[in-house]
Amino acid sequence: MASQSANLWVLLGLGLAGILIMTRKLKKAVKADFGAFVERLQLLPPPQPPPPKAPHPLTGLSFAISDVFDINGFVTGFGNPDWSRTHEPASQTSTVVSALVEGGATCTGRTVVADMAFGISGEQRHFDTPTNPAAPARMPGGSSSGAAVAVAANFVDFSLGTDAVGGVRVPAAYCGVLGFRPSHGTVVHTGIIPVSASLDTVGWFARDPSILRRVGHVLLQVPFAAQRNPRTIVIADDCFQSLNFPGDRVSQAVTKAVENLFGRQILRHENLEAYLDSKVPSLKLFAGKKSNGERKSSSTNLLSYAMHILRRHEFKQNHLEWINAAKPNLDPAISASMQGAVEITDTNIDSCHAIRNEMRSALNDLLKDDGILVIPTVAELPPKIGAKEIQSEDYQIRSCSFSSVASMSGGCQVCVPMGFHDKCPISVSFVARQGGDRFLLDTIQTMYASLQEQAELATKSSASGNALSKETSAEMAKEKGNQAFKEKQWQKAIGFYTEAIKLNGNSATYFSNRAAAHLEMGNFLQAEADSSKAIGLDKKNVKAYLRRGTAREMLGYYKEAIEDFRYALVLEPTNKRASQSADRLKKWFP
């Protein structure tokens, strides 16, 4: 184990050194601290107690804090220069920071947060975006970006951030470190600038699970209890199948680790989307809402949508008065949210609270006292620096879709790194019901070494499997997609078709098939785009014209839809569907 750990850090050191070369391609100068810190300082712990008393529990550890935690005599910046300019220094230090220092740890600085701790990508327009040590061409994740980077770059042993909708879990996943979000209300929030009171938690990052756990013992203040093993570990298969990277590789590594440590009998597989559909009926209240012309149809996306409404509403209650008075220079995402917040009604907020109550009951029923849910941390790899999609509402919802499970139920969650794919960190998350924090941290401590071993084996197996031709692998993925489509598992089908496209992007059939699945999901813009791509690859693909016509009809592009149906008839004059569709539209739009 010691040699494995040493080899890991040697590789990390080589990787960090290589960032200097990488940045020439990025045209970005990397700061000595990777842009993680806004201010260096030092808060020293008290002297060690004399023997025979035990030493402080965090002796010898260093940590950093996100710039939302108060320190006596310092202005808390909140990620915005105008906030610093209009606020006085804090009169006392945040309770959690004091507890860590009293526990023996040394605080070495304050780290960058997203503007007003609101963003999720990690982009920071005022202080520059911190460099992701694990993937320098990619975003570090937010809102606690600097805290994650400080740990990933080995500047500190652990760091503090805040997490409402994923502010710790997302950057932990993007930067390849451990990240913990405790149950809502279990860690004191005094001396911390709020974002969304009903969602806010204090979270922390570490590279070592034992440090993650030691910090938890100090901050959670839970009584000592004998460690117990989980009785049930539920793997959300459908969630892993919906990813745009090899989710099966991750879930299989978790499965092997569980079997080796606890036995196969405690494993259970669940379709989480279907479970939430049945157990959280209030989600249907948001089923008709649209983003960029597409329905937010999956349960986790609907859950994320409701979570963002709640955060936006509470953020406005906390800070709109200051925004109106100070007229600060804000990230466009905040400005857009403030404009959208006007549309939020009491009915919407009541629906969000109903969803929270149902989610808590659903997770309690699923996991009981000794169960753990295994889900992906994020749906996609970290976005590239400068990517335009990070400003869209769709990205905000997708990137937090799995985070919403713990956030909206009040449960706790640990993000665990599981290697790399396409030079980006990938991870897995473990969720326990509200109040299961110590149980979850103990379980991760037990599982961590086996998880890393299985992740490494899965990576090697995947590499050897690449001996198969990409074309053959793509056909296999397409057939899996076809089977999922027949079973009406639309999201699963989309995942397989996406895998096929990544392996062979020159097949019109793959794009056309994915368009069909998107139509079933109500994702009409994506269906239109996939159909157009298929037509570009094969001008005689009748199904692609029919599917694009259907998508355009649903989007209200009736003239273009008629043209697609008519062209399908030119290619295949006996096609009844094309004839009926063209006649139907012609009657209303001659």
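Details of the structure are given in the entry above.
These remarks concern the structure in this document. (Residues numbered from 1 in each chain as written. Predicted model: local features only at pLDDT ≥ 70, side-chain atom pairs only at ≥ 80, totals over all residues. Heavy atoms only, no water.)

### A closer look at the packing of helix α16 (residues 470–486) against helix α18 (residues 508–521)
Part 1 of the argument: The N-to-C vectors of α16 and α18 enclose an angle of 25°; their axes lie 11 Å apart at closest approach. Taken together, the axes of α16 and α18 are roughly parallel relative to one another. As for how α16 packs across α18, the hand of that crossing is left-handed. In contact with Glu471, Ala474, Glu475, Lys478, Asn482 and Phe485 of α16, α18 contributes Thr509, Tyr510, Asn513, Ala516, Ala517 and Glu520.
Part 2 of the argument: Taken together, the residues of the contact of α16 with α18 sort by class into 5 nonpolar, 3 polar and 4 charged. (Axes fitted to C-alpha atoms, helices over the stretch in contact; angles between N-to-C directions. Helix = DSSP H or I, 4+ residues; strand = E, 2+ residues; numbered from the N terminus. Parallel < 35°, antiparallel > 145°, perpendicular 65-115°, else oblique. Left-handed = near helix turned anticlockwise from the far one by under 90°. Contact = heavy atoms within 4.5 Å. Nonpolar A, V, L, I, M, F, W, Y, C, P; charged D, E, K, R; others polar.)

### As for the sheet that holds strand β7 (residues 232–236)
Part 1 of the argument: Across the sheet, which stays open at both edges, the 11 strands sit in the order β1-β3-β2-β4-β6-β5-β12-β13-β11-β7-β8 with mixed pairing between neighbours. Each edge of the sheet is formed by a strand with only one pairing partner; in this case those strands are β1 (37–43) and β8 (267–270). Averaged over all neighbouring strand pairs, the angle between strand axes comes to 25°, with direction disregarded.
Part 2 of the argument: As paired elements, strand β2 (residues 62–66) and strand β3 (residues 106–111) share 5 bridges and run parallel to each other. Paired with Phe63 across the bridge in β3 is Cys107.
Part 3 of the argument: Sitting on the sheet, helix α6 (residues 209–220) touches β4 (158–163), β5 (178–181), β6 (201–206) and β12 (412–421), and the angle it makes with β6 is about 155°. (Pairing = 2+ DSSP bridges.)

### Let's talk about the packing of helix α3 (residues 95–102) against α6
Part 1 of the argument: Close contact between α3 and α6 brings their axes to 10 Å; oriented N to C, the two are set at 120°. By the angle class used here, α3 and α6 are oblique. Seen along the crossing, α3 lies across α6 with a hand that is right-handed. Contacts from Val96, Ala99 and Leu100 of α3 reach α6 at Val215, Val218 and Leu219.

### Quick notes on the pairing of β6
Part 1 of the argument: The buried fraction of β6 amounts to 6 of the 6 residues, a majority that puts the element mostly inside the structure.
Part 2 of the argument: Across 6 bridges, β4 lies against β6 in antiparallel orientation. Among the inter-strand pairings, Thr162 is bridged to a residue of β6, identified as Val202.
Part 3 of the argument: Pairing of β5 with β6, which is carried by 3 bridges, proceeds in the antiparallel orientation. Directly across from Phe180, in β6, lies its bridge partner Trp204. (Buried < 20%, exposed > 50% of the residue type's maximum accessible area, 1.4 Å probe, protein only.)

### Comments concerning the nonpolar core
Part 1 of the argument: Grouped together as the largest cluster of nonpolar side chains are 144 residues, with contacts concentrated most on Phe158, Leu160, Leu373 and Phe430.
Part 2 of the argument: Non-local contacts of Leu373, meaning those with residues more than four positions away in its chain, are made with Val234, Ala236, Leu272, Leu363, Leu366, Leu367, Val405, Ser429, Phe430 and Val431.
Part 3 of the argument: If you look at the next biggest cluster of nonpolar residues, it comprises 20 residues, including Ala474, Leu546, Phe565 and Ala582. (Core = buried A, V, L, I, M, F, W, Y, C linked by side-chain atoms within 4.5 Å.)

### Quick look at the state of the cysteines
Part 1 of the argument: Taken as a whole and assessed by the stated rule, the structure comprises 0 disulfides.
Part 2 of the argument: As a non-bridged cysteine, Cys107 has Cys175 as the owner of its nearest cysteine sulfur, 19 Å distant.
Part 3 of the argument: Among the residues examined, Cys107 registers a relative accessible area of 0% and is labelled buried.
Part 4 of the argument: Here Cys400 is not disulfide-linked; the sulfur of Cys415 is the nearest cysteine sulfur, at 13 Å. (Disulfide = S-S within 2.5 Å.)

### Here's the deal with the environment of Leu519
Part 1 of the argument: Among the structural elements, Leu519 can be located in helix α18.
Part 2 of the argument: Considered as a pair, Leu519 and Thr550 are 31 residues apart in the sequence and their alpha carbons are 8.1 Å apart.

### Quick word on the side chain of Arg138
Part 1 of the argument: Mapped onto the secondary structure, Arg138 falls in the loop between β3 and α4 (145–152).
Part 2 of the argument: There is no salt bridge for the buried Arg138, and the closest opposite charge comes from Asp422, which lies 4.1 Å off by N-O distance. (Lys, Arg positive; Asp, Glu negative; His and termini not counted. Salt bridge = Lys/Arg side-chain N within 4 Å of Asp/Glu carboxyl O.)

### Quick look at the environment of Gln241
Part 1 of the argument: Mapped onto the elements, Gln241 comes out in helix α7 (residues 237–241).
Part 2 of the argument: It is 9.1 Å that separates the C-alpha atoms of Gln241 and Ile494, two residues lying 253 residues apart in sequence.
Part 3 of the argument: Setting aside chain neighbours within four positions, we find Gln241 in contact with Asp248, Lys492 and Gly495.

### As for the pairing of β4
Part 1 of the argument: Most of β4 sits out of view: 6 of its 6 residues are buried.
Part 2 of the argument: Neither face of β4 is left uncovered, since the one carrying Phe158, Leu160 and Thr162 and the one carrying Ser159, Gly161 and Asp163 both have all their residues buried.
Part 3 of the argument: Alignment of β2 against β4, held across 3 bridges, turns out to be parallel. Each residue of the ladder has a partner; that of Ile65, found in β4, is Leu160.

### Focus: unusual backbone geometry
Part 1 of the argument: Here the bond from Pro51 into Pro52 is cis, since omega is 10°, no more than 30 degrees from zero.
Part 2 of the argument: Position of Pro52 among the secondary structure elements: in the loop between β1 and β2.
Part 3 of the argument: Here the residue pair Gly142 and Ser143 is connected by a cis peptide bond, since its omega of 10° sits within 30 degrees of zero.
Part 4 of the argument: Residue position: Ser143 is located in the loop between β3 and α4.
Part 5 of the argument: Phi is positive for Phe34, close to 60°, though the residue is something other than glycine.
Part 6 of the argument: Residue position: Phe34 is located in the loop between α1 (2–26) and β1.
Part 7 of the argument: The phi dihedral of Lys488 falls on the positive side, at around 65°, and the residue is not glycine.
Part 8 of the argument: Among the secondary structure elements, Lys488 is positioned in the loop between α16 and α17 (490–503).
Part 9 of the argument: The exposure class assigned to Lys488 is exposed, which follows from its relative accessible area of 60%.

### Things to note about α18
Part 1 of the argument: Here α18 contains 14 residues, and its C-alpha end-to-end distance of 20 Å stays within 8% of the 20 Å for a straight helix at 1.5 Å per residue.
Part 2 of the argument: Along α18, 12 of the 14 residues are buried, which leaves the element largely enclosed by surrounding structure.
Part 3 of the argument: Residues of α18 that are buried include every one of Ala508, Tyr510, Phe511, Ser512, Asn513, Arg514, Ala515, Ala516, Ala517, His518, Leu519 and Met521, and no others.
Part 4 of the argument: Two residues or fewer past α18, Gly522 is found with a positive phi of approximately 80°. (Expected span 1.5 Å × (residues − 1).)

### Things to note about the pattern of salt bridges
Part 1 of the argument: This structure, assessed with the given rule, holds 23 salt bridges.
Part 2 of the argument: Asp442 is the partner of Arg213 in a salt bridge, and the nearest nitrogen-oxygen pair spans 2.6 Å. You can see Arg213 sitting in helix α6 and its partner Asp442 sitting in helix α15 (residues 437–465), a full 229 residues away along the chain.
Part 3 of the argument: Taking the shortest distance from any N to any O, the salt bridge between Arg231 and Asp370 comes out at 3.8 Å. Note that Arg231 is positioned in the loop between α6 and β7 and Asp370 in the loop between α12 (346–367) and β11 (371–375), a separation of 139 residues in sequence.
Part 4 of the argument: On the basis of relative accessibility, which here comes to 15%, the residue Asp370 falls in the buried class.
Part 5 of the argument: When salt bridges with common partners are traced through the structure, they connect Glu528, Arg548, Arg552 and Asp564 into a single cluster.

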